[in-house]
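Remarks on the overall topology
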Amino acid sequence: MDFNKIINIVNNESTFSVETSQYLENKLKKLGYHISDVFDYTAELTICIGGDGSFLRALHQYDFPDIPIVGINTGHLGFLAEINPDEIDNFLDRYIKEDYFIHNINPIEAVICTRTDCINAFGLNEIVIKGDKSRTVHLDISVDDQLIQRFSGDGILVSTSTGSTAYNYSIGGSIVDPRLNVLQVTPLAPINTNAYRSFTSSVILPHEATIKVNPEYRFEDAIVLVSDGMEHRYNSITEISLNLSELNVRMLRLKGFEFWGKVIDKFL
């Protein structure tokens, strides 16, 4: 890894995060690092201070930059964060010694097409597709151009392996080891009656799969797409195509990181 001694520090506005940021900045300056006043896309590392929401917002705000990123947890769960505030000194020592590795994660890319144009959206954890104003939504879902179901319910969630422990887990989806680069489709309140037939469990798909979702409008011409917790409303959607992006989110992990140990620590 090439080093240029420039580091981005991104933090939320909580008092604890601001104080942690100041402590970290002072430590880094003493070690000869330069802390950029504005986000520097040539920096060797981005350090995000906050909770999981802050981590995800930073990625979206700076368009999933090709810079290693690590989180310091000053929030609640902190599943994406690698470091606790009381571990900063130890982290800096290990960072200087290069006692870490980079875990590359491919976010989900959604191509959202309306009757007039197409736009792109990305999600590190998940992308959720649901109806506007909490209405039942009807979706034709295909995998590699093979129709697999005509879904009815609150919506569907498409997650990465990394996102399997987030919203996906809370709605009954499977936890997936991040060494498996897969897509997971999990239903939100599926309707399964004589009138409607929907899958009631998650579907796991290989990393090269393409998922296509075609809304069947019955009440209104609007779909809500939620990318890592950030809502967007679109009218006149004809098709949403989802697959794992070629982008790489380069998460810095300290050597010795163990996914299942973290799962037990955070969830059990």
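Within each chain, residue numbers correspond to sequence positions counted from 1 in written order. Only residues with pLDDT of 70 or above have their local features reported here, since the model is predicted, and side-chain atom pairs are shown and tallied only from 80 upward, although totals for entire chains, interfaces and linings are computed over all residues. Neither water nor hydrogens contribute to the side-chain values; these are computed over all heavy atoms in the structure.

**Concerning helix α2 (residues 52-61)**
Selection rule: Exposure categories follow from relative accessible area, calculated using a 1.4 Å probe and restricted to protein chains: below 20% of the type maximum is buried, above 50% is exposed, and the middle band is partly exposed. Helix and strand labels come from DSSP, where a helix needs a run of H or I of at least four residues and a strand needs a run of E of at least two; each type is numbered from the N terminus.
Burial analysis of α2 places 7 of its 10 residues in the buried class, the great majority of the element. Listing the buried residues of α2 in full gives Asp52, Ser54, Phe55, Leu56, Ala58, Leu59 and His60. One or two positions beyond α2, positive phi appears at Asp63, with a value near 60°.

**Notes on the pattern of salt bridges**
Rule in force here: Note on definitions: salt bridges are taken to be side-chain nitrogens of Lys or Arg within 4 Å of carboxyl oxygens of Asp or Glu.
What the rule picks out here adds up to 12 salt bridges. In this structure, Lys27 engages Asp89 in a salt bridge whose closest nitrogen and oxygen atoms are separated by 3.8 Å. With a gap of 62 residues between them, Lys27 in helix α1 (residues 15-30) and Asp89 in helix α3 (residues 88-96) connect regions that are remote in the sequence. By relative accessible area, Asp89 is classed as partly exposed at 41%. When the shortest N-O distance is used, the salt bridge between Asp145 and Lys212 registers 3.1 Å. With Asp145 in the loop between β9 (137-143) and β10 (146-153) and Lys212 in strand β14 (residues 211-215), the pair connects residues that are 67 residues apart, well separated along the chain. Note on Asp145: relative accessible area 62%, which makes it exposed. With relative accessibility at 22%, the residue Lys212 sits in the partly exposed group.

**Structural notes on α1**
How we decide: By this rule, a helix spans an expected 1.5 Å times one less than how many residues it contains. Directions drawn from the helix axis to the C-beta atoms are what define this arc. For this analysis, residues touch if any pair of their heavy atoms sits within 4.5 Å.
Helix length check: α1, at 16 residues, gives a terminal C-alpha distance of 23 Å against a target of 22 Å (1.5 Å per residue), a fit within 8%. Of the residues making up α1, those classed as buried are Ser17, Thr20, Ser21, Leu24 and Leu28. The arc that holds every buried residue of α1, seen down its axis, measures 105°, which confines them to one face. Turned more than 90 degrees away from the buried face of α1, the exposed residues are Thr15 and Lys30. In the core, the buried residues of α1 are packed alongside β1 (6-11), β2 (34-35), β3 (45-50), β4 (69-73) and α3. Just past α1, the residue Gly32 takes up positive phi, approximately 90°.

**Description of the UniProt feature "active site" (unreviewed entry) in the protein**
To keep it simple, the criterion reads: UniProt positions are given in the numbering used here, feature names are shortened, and annotations may be inferred rather than shown by experiment.
Here the UniProt-annotated "active site" (unreviewed entry) positions come out as Asp52. Non-local contacts of Asp52, meaning those with residues more than four positions away in its chain, are made with Leu77, Gly78, Phe79, Leu80 and Ala81.

**Focus: the domain arrangement of the protein**
Here is the rule: Here the limits of each domain have been adopted from an automatic or database domain assignment. A quick way to say it: buried area is the sum, across both parts, of accessible area lost when two parts are put together, with a 1.4 Å probe.
Entries for the protein in the domain assignment read domain 1 (6-105 + 248-267) and domain 2 (108-244). Between domain 1 and domain 2, the C-alpha centre-to-centre distance is 30 Å. Carbon and sulfur atoms supply 78% of the area buried between domain 1 and domain 2, which totals about 1300 Å² over both sides. Inspection of the domain 1/domain 2 interface yields 0 salt bridges.

**Describing the packing of aromatic side chains**
Selection rule: Between the rings of Phe, Tyr and Trp (Trp by its six-membered ring), a pair exists once the centres lie within 6.5 Å; its type follows the angle of the planes, with under 30 degrees stacked, over 60 edge-to-face, and the other angles tilted.
The full count for this structure, using the stated rule, is 10 aromatic pairs. Between Phe39 and Tyr62, the ring centres sit 3.9 Å apart and the planes meet at 10°, which makes this aromatic pair stacked. You can see Phe39 sitting in the loop between β2 and β3 and its partner Tyr62 sitting in the loop between α2 and β4, a full 23 residues away along the chain. Put simply, the rings of Phe79, Tyr169, Phe259, Trp260 and Phe267 pair up and form one aromatic cluster.

**Section: the pairing of strand β17 (residues 237-244)**
Where we set the bar: Strands are treated as partners if at least two bridges between them are detected by DSSP.
Pairing geometry for strand β6 (residues 108-114) and β17, over 7 bridges, is antiparallel. Pairing of Val111 across the sheet is with Ser241, part of β17.

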